[in-house]
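# Structural overview for review
Chain by chain, the residues run as shown.
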Amino acid sequence: MILVERSIIEECRKGDFRNFRQVVAAAGPIAFSIALRMTGDEATASDIAQETMVTVWEKIEKISSPEAFKTWLCRITVNKCYDYFRKNRSNPEFNPDEKSWRLISDTVSGTDHRELDNTGISIIVRQLTANLSPKQKAVFVLSDLDELTREEISEITGMSMKNIKASLYHARKKIGEMLEKYLK
Amino acid sequence: MMDNTGKYERITEVLRRSEPQLPDPVLFEEKVMGMIREKKTHPGFPVLDCLFGWVYIGWIRNVLVTASFLLITVFAFQQSMILKRIGTLEKQVVYPGVLTDNIKASLDNVRNVLCSYPVKGPVTALKIPEKEMKKIFESLNELQSRYRELIILINENPELKKYIEDRLNENERKKFNL
């Protein structure tokens, strides 16, 4: 899937940024989506997406081919999320929030197919992935939410297939434990 | 009641279906373009960002940058001092250290005198190659041996000795009393 027109990326690679707004319009939501699902915070995700777009502007000349743009964009976003987690290592201890788990419980047991808004997604992601390491979060989001292939995840995260498999196993296990602990 | 796998599948399915939406795409675009404009006008220090980008706490980063600048300055100062001293040493006289043993043994005293003799003029003029030094010492040796031979010759011949003594006395007399 080509995210941005090949010609626009080629222009940007050659240093012509007249149409860079189109790149921002197309790539911004993807960066925001990954960031929100990884961090569980709308404002942080927006900041990360903005920083990602600035990095794209700075380094688009280094991209190997326009086809690799999406993978490259995802890699930058994931790395920015890692930076955020590194900066905020001293996170407060996880406190199970009754309201949040009620929302999760309603979502799991509900029969309606309503889509969640950003706040709903943030609450659920924050609660479910509270005990996950940044790498496990990345693999969980890219594999189980964005449904990327193992090869794509490997390219984005730089992890080996074996590590991806292990991280995904642990991520699912930890989320499963949370669900078992807090949901009837 | 659902099992764990079922709950997991259900929650991920809902999350998959619910694609996060940028709150205000236009504002987002403007913010990004503003940040790019800011980067263009204030490019910053890419080398410092590359070296110390991993430090997120402002004051620690500043301390590291200052410390590295100080270390580099001290290092450069020390290097310049060392180079200066090497330069001074290079300009000084280099006495040959590989004279042949027999010459070295016989001319130790002469060399000491030559080495300790105060020299006027630029230091660079004192550079004497080893070959030239050998020649000087050889000619000095020869001069000394001829002088000894001459003394022996004079002592052996009384007439010559008397003649030379007369000549020397005559020369003494010719000198003015100042």
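Residues numbered from 1 in each chain as written. Chains lettered and ligands numbered in written order. Predicted model: local features only at pLDDT ≥ 70, side-chain atom pairs only at ≥ 80, totals over all residues. Heavy atoms only, no water.

Looking only at helices and strands, chain B has 8 helices and 0 strands in total. From first element to last, N terminus to C terminus, chain B shows the α and β order α-α-α-α-α-α-α-α. The burial tally for chain B puts 15% of its 178 residues in the buried class. Residue pairs at least 24 apart in sequence account for 47% of intrachain contacts in chain B once pairs closer than 6 positions are excluded. Summing over all exposed atoms, chain B offers an accessible surface of approximately 14600 Å²; the carbon and sulfur share of this is 63%. (Helix = DSSP H or I, 4+ residues; strand = E, 2+ residues; numbered from the N terminus. Buried < 20%, exposed > 50% of the residue type's maximum accessible area, 1.4 Å probe, protein only. Contact = heavy atoms within 4.5 Å. Areas by Shrake-Rupley, 256 points an atom, 1.4 Å probe, with all protein chains shown as cover.)

Here the focus is the interface of chain A and chain B. Taken together, the contacts link 48 residues of chain A with 29 residues of chain B. Surface buried jointly by chain A and chain B totals about 3700 Å² across both partners, of which 66% is contributed by carbon and sulfur atoms. It is A:Arg21, A:Gln50 and A:Val108 that lose the most area in chain A upon contact with chain B, and together they represent 18% of the buried surface on that side. B:Glu29 is the partner of A:Arg21 in a salt bridge, and the nearest nitrogen-oxygen pair spans 3.4 Å. At the surface where chain A touches chain B, the tally comes to 9 residue pairs in polar contact (both at pLDDT 80 or more). In terms of residue count, helix α2 (residues 20-39) of chain A provides more of the side of chain A that touches chain B than any other element does, 10 residues in total. (Buried area = accessible area lost by both parts, 1.4 Å probe. Salt bridge = Lys/Arg side-chain N within 4 Å of Asp/Glu carboxyl O. Polar contact = N/O pair within 3.5 Å; in protein donor to acceptor, adjacent residues only side chain to side chain.)

Each α-helix turn comprises 3.6 residues. Residues three or four places apart therefore point the same way. Over its 12 residues, helix α7 (residues 134-145) of chain A runs 15 Å from end to end, which matches the ideal 16 Å to within 8%, given 1.5 Å per residue. By the criterion of burial, α7(A) is predominantly enclosed, with 10 of the 12 residues buried. When α7(A) is considered as a whole, its buried residues turn out to be A:Gln136, A:Lys137, A:Ala138, A:Val139, A:Phe140, A:Val141, A:Leu142, A:Ser143, A:Asp144 and A:Leu145. At its buried positions, α7(A) is contacted by α2, α4 (69-87), α8 (150-157) and α9 (161-182) of chain A together with α1 (4-17) of chain B. Taken from the residues just after α7(A), A:Glu147 is the one with a positive phi, measuring 55 degrees. (Expected span 1.5 Å × (residues − 1).)

Looking at the element boundaries, A:Lys59 is found in helix α3 (residues 42-59). Separated by 46 residues in the primary sequence, A:Lys59 and A:Arg13 have C-alpha atoms spaced 8.5 Å apart.

A few words now on the confidence of the model for chain B. All names here are of chain B. In this model, chain B carries an average pLDDT of 77, and 73% of its residues clear a pLDDT of 70 or more. Element-level mean pLDDT values for chain B span from 47 in helix α5 (residues 101-106) up to 88 in helix α4 (residues 58-91). Considering only residues more than four positions removed or in separate chains, one finds that residues 95-106, a stretch of pLDDT under 50, has 14 contacts. (pLDDT = per-residue confidence, 0-100.)

All names here are of chain A. As enumerated under the stated definition, the model contains 3 aromatic pairs over all chains in all. Centre to centre, the rings of phenylalanine 69 and tryptophan 72 are 6.0 Å apart; their planes meet at 50 degrees, and the pair counts as tilted. Of this pair, phenylalanine 69 and tryptophan 72 both sit in helix α4, 3 residues apart, roughly one helical turn. Tryptophan 72 matches phenylalanine 69 in its accessibility class, with the two residues each being buried. (Phe/Tyr/Trp six-rings, centres within 6.5 Å; stacked < 30°, edge-to-face > 60°.)

So, on to the packing of α7(A) against α1(B). It is the contact of α7(A) with α1(B), at a shortest axis distance of 10 Å, that shows an interaxial angle of 80 degrees. With respect to each other, α7(A) and α1(B) are oriented roughly perpendicular. Residues A:Phe140, A:Asp144 and A:Leu145 of α7(A) form the contact with α1(B), whose participating residues are B:Tyr8, B:Thr12, B:Leu15 and B:Arg16. (Axes fitted to C-alpha atoms, helices over the stretch in contact; angles between N-to-C directions. Parallel < 35°, antiparallel > 145°, perpendicular 65-115°, else oblique.)

With that out of the way, let us pick up unusual backbone geometry. Residues and elements named next belong to chain A. With phi around 55 degrees, glutamate 147 is a residue other than glycine that occupies positive phi space. Along the chain, glutamate 147 turns up in the loop between α7 and α8. Of the residues examined, glutamate 147 reaches a relative accessible area of 55% and is grouped as exposed.

If charged atoms from side chains of opposite charge come close, those side chains can pair. Applying the stated criterion across every chain yields a total of 11 salt bridges over all chains. The shortest N-O distance in the salt bridge between A:Asp146 and A:Arg37 comes to 2.6 Å. Here A:Asp146 is found in the loop between α7 and α8, whereas its partner A:Arg37 is found in helix α2, with 109 residues between them in sequence. A relative accessible area of 1% means that A:Arg37 is categorised as buried. Where B:Arg16 meets A:Glu147, a salt bridge forms, and the shortest distance between an N and an O atom there is 3.6 Å. You can see B:Arg16 sitting in helix α1 and its partner A:Glu147 sitting in the loop between α7 and α8, one on each of two chains. If you follow the salt bridges from partner to partner, you end up with A:Arg21, B:Glu29 and B:Glu30 in one network.

The next point concerns the packing of α9(A) against α1(B). Orientation of α9(A) relative to α1(B), taken along the N-to-C sense of each, is 105 degrees, at an axis distance of 9 Å. Considering their axes alone, α9(A) and α1(B) lie roughly perpendicular with respect to each other. Counted together, A:Arg172, A:Ile175, A:Gly176, A:Leu179 and A:Glu180 of α9(A) and B:Asn4, B:Lys7, B:Tyr8 and B:Ile11 of α1(B) form the full contact between these two elements. When grouped by side-chain class, the residues that make up the contact of α9(A) with α1(B) number 4 nonpolar, 2 polar and 3 charged. (Nonpolar A, V, L, I, M, F, W, Y, C, P; charged D, E, K, R; others polar.)

The next thing to look at is a nonpolar patch on the surface. All names here are of chain B. A cluster of nonpolar side chains, contributed by Ile57, Trp59 and Val63, occupies part of the molecular surface with about 340 Å² of accessible area. Summarising the element assignment, tryptophan 59 is placed in helix α4. The exposure class of tryptophan 59 is exposed, given its relative accessible area of 60%. (Patch = residues over 30% accessible without salt bridge, like charges linked within 9 Å, V, L, I, M, F, W, Y side chains within 5 Å.)

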